[in-house]
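The lines below spell out each chain.
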Amino acid sequence: MENKPVEIFILSGFLGSGKSTLLKELIQLEKKVGRRIGVLMNELGDISIDSSIIPADIPLKEMLNGCICCTIQGELSLQLNSILEEYDLDAIYIEATGVAHPLEIMDACTHPKLANKVVMKAILTVVNAKQWHENRLSIKLKKLLAEQVKYADMILINKIDQVSQTELELIRESIGQVNAKAIISSVQFGKIHPSLLYGEGQQQMETATKLLENDHHESHVHHHLHVRTFSVPVNQPIDRIQFTHWLERIQGQLYRAKGFIYLTETPGLFLFNYAYGDLILERYPTEKPLQPVLVCIGENLERESIEQGISHLQQSQTKMTL
Ligand SMILES: Nc1nc2c(ncn2[C@@H]2O[C@H](COP(=O)(O)OP(=O)(O)OP(=O)(O)O)[C@@H](O)[C@H]2O)c(=O)[nH]1
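Residue numbering note: each chain is counted from 1, following its sequence as written. Given that this is a predicted model, residues contribute local features only at a pLDDT of at least 70 and side-chain atom pairs are listed and counted only at 80 or more, while totals for whole chains, interfaces and linings are drawn from all residues.

Draft legend 1. Spotlight on the site of the ligand. Nearness rests on one distance test: the residue's C-beta atom, set from the backbone, must lie within 6 Å of the molecule or strand. Surveying the vicinity of the ligand reveals 21 residues, the closest of which are Ser20, Thr21, Gly98, Asn273 and Ile280. Here a helix means four or more residues in a row that DSSP labels H or I, a strand means two or more in a row labelled E, and each is numbered from the N terminus. For the shell around the ligand, the elements supplying multiple residues, two or more each, are α1 (19–32) and β10 (269–275). Of the residues forming the shell around the ligand, the biggest block, three residues, is contributed by α1. The nonpolar class holds Ala, Val, Leu, Ile, Met, Phe, Trp, Tyr, Cys and Pro. Asp, Glu, Lys and Arg form the charged class, and all remaining residues, Gly among them, are polar. Residues belonging to the shell around the ligand are distributed by class as follows: four nonpolar, 12 polar and five charged. No fewer than three residues from each of domain 1 (6–215) and domain 2 (228–321) sit in the shell around the ligand. Domain segmentation is taken from an automatic or database assignment of domains.

Shown next as structure tokens:
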């Protein structure tokens, strides 16, 4: 008997929009219905922060230090092939970096070698409601956001707790103008309704992906975004409020920061996530030792000045405790 092809879902959406949060929800939903899921994760930096939220029993492959859509496109098909060979799966979720173009990810998944093994199921794009509404990004990035929406089968307007009902209606309307075919749903912390995955939503998604495949060659574009990423160790505890103020004042455009830190006020390691002016800290109990680190993603960022800033934040704490 021939093996059923493994379903591929691509999670797209700008930096910090909530892709990993959605992925966590999707994994739970899929586990409940007994499906075997694998995850491929691509992060821009050399340290993976997002993968820490993936449960240990989920097969995971990481692609670090480059974006699927440019430098590591070949690696995606290699990793896809190896996860398919190592595990018996029903579906694979690919979380792309926030600056990836969905068509280029799809391109990488449709390598001829994989043709009989996988079936492209859907592109799910997560939109940060406030960011879409305020529309403040550079022209290049606005275009990228619009393309992530345009080629989606399902669009999840996330972080709706940060906009009003009237704003949400305007967001839905403008997203509908960019993509009239996709299913559009508003969510908070990626909590999607299971019927979207397993009910009527699924048939609609399949139709949209077919349309997308036909459209594929004409609209293939390569984006040369000058987004840089680097990581800086944060060995000493720092003050939460000083850290927040410092993040807000970093020179250049800091689109995203994440990492692990120790705080002066509370013991224990914290996972932090900074996106679009919003800093979230979560206690991070861990058995294996983790290097406290700050990962920055943005444009025109000066590494040296960020290193100095971090060193200053650490020193000011050391001074205070002396
Ligand atoms: N207020 C609010 N915060 C949210 C919501 N969804 C996610 N977040 C938070 O936003 C931050 C970024 O979420 P992630 O899921 O890591 O975003 P991402 O798109 O995977 O980020 P990258 O992989 O860096 O592009 C985390 O701290 C989340 O807890 C939401 O609905 N409301």
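Draft legend 2. Representation of the sheet that holds strand β5 (residues 118–128). In this analysis, strands are considered paired if DSSP registers two or more bridges between them. Spatial ordering of the open sheet is given by β3-β2-β4-β1-β5-β6-β7, a layout of seven strands whose pairing is parallel. Only two strands of the sheet have a single neighbouring strand rather than two, namely β3 (60–63) and β7 (183–186). Shown here is a sheet whose adjacent strand axes are inclined to one another by a mean of 20°, direction ignored. Running over the sheet, α1 touches β1 (6–13), β2 (37–42), β4 (91–95), β5 and β6 (154–158) and is turned about 170° from β4. Angular values range over 0 to 180 degrees, each being the angle between N-to-C directions of two axes fitted as lines to C-alpha atoms, with helices fitted over their stretch in contact. C-beta atoms are first placed from the backbone for all residues, and any pair lying within 7 Å is then listed as a contact.

Draft legend 3. The confidence of the model for the chain, seen in detail. Per-residue confidence from the predictor is given as pLDDT, running between 0 and 100. Averaged over all residues, the pLDDT of the chain is 85; the fraction at 70 or higher stands at 85%. Within the model, pLDDT remains below 50 along residues 214–224, and this stretch shows six contacts once partners closer than five positions in the same chain are excluded. Two numbers describe this predicted complex: its pTM, 0.81, and its ipTM, 0.99.

Draft legend 4. Expanded view of helix α5 (residues 139–150). Over its 12 residues, α5 runs 16 Å from end to end, which matches the ideal 16 Å to within 8%, given 1.5 Å per residue. Along α5, the residues classified as buried are Leu141, Leu144, Leu145, Glu147, Gln148, Val149 and Lys150. Packing partners of the buried residues in α5 comprise β1, α3 (102–109), β5, β6 and α6 (165–178). Expected helix span is taken as 1.5 Å per residue step, with the number of steps being one fewer than the number of residues. Counting other C-beta atoms within 10 Å of each residue's C-beta, where C-beta atoms are placed from the backbone, gives the exposure class: buried for 20 or more, exposed for 12 or fewer, partly exposed between.

Draft legend 5. Geometry of the domain arrangement of the chain. Here the chain is described as being made up of domain 1 (6–215) and domain 2 (228–321). Each partner contributes to the interface: domain 1 provides 12 residues, whereas domain 2 provides 13 residues. Taken together, the residues of the side of domain 1 that touches domain 2 sort by class into four nonpolar, six polar and two charged.

Draft legend 6. Layout of the sheet that holds strand β8 (residues 228–233). Read from one edge of the open sheet, five strands run β8-β12-β9-β10-β11, paired in antiparallel fashion. Each edge of the open sheet carries a strand with a single partner, namely β8 and β11 (278–283). Averaged over all pairs of adjacent strands, the angle between strand axes in this sheet comes to 15°, irrespective of strand direction. When β10 meets β11, the two strands line up antiparallel, connected through six bridges. Each residue of the ladder has a partner; that of phenylalanine 270, found in β11, is arginine 283.

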